[in-house]
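Structural characterization, general
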Amino acid sequence: MDIITKIKNKKRLNQQDGEALYKLDLFTLGKLADKIRVEKFGKKTYFNINRHINPTNICADICKFCAYSASRKNPNQYTMSHEEILKIAENSYKMGAKEMHIVSAHNPNDGVEWYMGAFRKIKEKFPSLHVKAMTAAEIDFLSRKYGHSYDKILDMMIKNGVDSMPGGGAEIFDEDIRDYLCKGKVTSDQWLEIHKKWHEKGKMSNATMLFGHIENRGHRVDHILRLRDLQDKTGGFNAFIPLVYQKNNNFLKVENYPTAQEILKTYAISRILLDNIPHIKAYWVTASINLALVAQEFGADDLDGTIEKESIQSSAGANSHNGMNQEEFIGLIKNSGFTPVQRDSLYNELESY
Ligand code: V47
């Protein structure tokens, strides 16, 4: 059976099929992905009102793609106090934020309580705010540093008010590429194990993939299929987020930056391969807002949110430091022919515009 017939008959695709999809022309691929997107969500495009907080950039690990952690290239170290973090949460809450997305570097100086205390204090003061915090990479770091099991840290997160886990730290699962990019950090199997454990505790998370650097198309397909396998077992992933690599101010020398076509193909293939993860997020921060709007026609049904402040990708060149104005965001989605739907962090619909 040829690959297009397989998709039309809703047959599961394998590694070879996934790689073959990249050889289709962009518009054929886009139509196939759009059909699935429209079947699931019609013309709705989801977004949320969220605030990214990156409480520290001091990091015990060295990832070659990272421009955010304090290093030779970025000597400006910082660590926020709980009071500073609370102040940010308070201001954002007053401005209508529903979610705090909290991701830190792997700071060896502050201890588990610094992380947990921040979540607890936010939750105590603003119980309705959804706390999305702690990548699997942070959890693995704390586990190694302080000798706690993954289960213990995950239980502490739940006890201290973490509602869901973001998808960061997945990078690319292929072990050789991963070793080159970020040796010593959470391994692919560990990343998947942590999310599995979190899902088994009844909690949801997201999954990312950092692409457009030294990996090839086969590595991307492999990454996506490893996520699909775990999702078959747990059903705990809400969204898959392909993150487009940003090239400034880091230690990874990449010659071939991905074209818009390659990025759109990657969204479309994610939608086609991931028959069990509901949402494909075109994170406008790394795709650029213009391409994220186009990605709505290539399988993506979610554009993340207004963000307010963003430090990780903007350090590497993304135009996201000050987030996105809500009215503008809604207007852009509408003008591109889609229906903006404000959602909460678990994809309950709050308001349609
Ligand atoms: O894991 C680091 C990535 C991630 C670069 O779960 C880079 O809803 C591009 O995971 N170019 C953190 N990306 C951000 C993240 C995320 C973002 C939005 C939504 C969600 C979610 C999660 O940022 C890291 C890493 O893969 N990153 N450096 C770079 N130069």
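Residues numbered from 1 in each chain as written. Predicted model: local features only at pLDDT ≥ 70, side-chain atom pairs only at ≥ 80, totals over all residues. Heavy atoms only, no water.

1. Some thoughts on the nonpolar core
Test applied: Residue types Ala, Val, Leu, Ile, Met, Phe, Trp, Tyr and Cys, when buried and joined through side-chain atoms within 4.5 Å, form a set referred to as a nonpolar core. Residue burial is assigned from relative accessible area. The probe radius is 1.4 Å, only protein chains are included, and a residue is buried under 20% of its type maximum, exposed over 50%, and partly exposed in between. Two residues form a contact once any of their heavy atoms are found within 4.5 Å.
Among the nonpolar cores identified, the biggest contains 108 residues, and Leu 21, Met 134, Met 157 and Trp 191 are the most heavily contacted of them. With near-sequence residues (within four places) excluded, Leu 21 lies in contact with Ile 3, Ile 7, Leu 13, Leu 29, Ile 269, Ile 272 and Leu 273. Counting residues in each nonpolar core, the second largest holds five residues, with Phe 41, Tyr 46, Ala 239 and Tyr 347 among its members.

2. Focus: the site of the ligand
For the record, the criterion: We call a residue near a molecule or strand when any one of its heavy atoms sits within 4 Å of it. By the criterion applied in these results, polar contacts are pairs of N or O atoms within 3.5 Å in which, for protein atoms, one can donate a hydrogen and the other can accept it, and in which residues neighboring in sequence qualify only through two side-chain atoms. Surface accessibility follows the Shrake-Rupley procedure with a 1.4 Å probe radius. Residue values consider only the protein chains on display as shielding. Helix numbers and strand numbers start at the N terminus; a helix is a DSSP run of H or I with at least 4 residues, a strand a run of E with at least 2. Residues are grouped as follows: nonpolar covers Ala, Val, Leu, Ile, Met, Phe, Trp, Tyr, Cys and Pro; charged covers Asp, Glu, Lys and Arg; every other residue, Gly included, is treated as polar.
Around the ligand, 22 residues are found, and the nearest of them are Lys 132, Gly 167, Gly 169, Glu 171 and Lys 281. Within the backbone of Gly 169, a nitrogen or oxygen atom sits 2.7 Å from an oxygen atom of the ligand. The side chain of Lys 281 places a nitrogen or oxygen atom 2.8 Å from an oxygen atom of the ligand. Considering the ligand on its own, with 630 Å² of exposed area, one finds that the protein chains cover 96% of that surface. Contributions of two or more residues to the shell around the ligand are made by β5 (205-211) and β6 (237-244). Taken together, the residues of the shell around the ligand sort by class into ten nonpolar, eight polar and four charged.

3. Quick notes on the pairing of strand β10 (residues 349-352)
Spelled out, the test is: The pairing criterion for strands is at least two bridges between them, as found by DSSP.
Bridging between strand β9 (residues 339-343) and β10 involves three bridges; their strand directions are antiparallel. Note that in β10 the partner of Arg 343 across the bridge is Glu 349. In sequence, β9 turns back onto β10 through a hairpin of five residues, with Tyr 347 there showing a positive phi of about 75 degrees.

The values are spatial; any link to function lies outside them.
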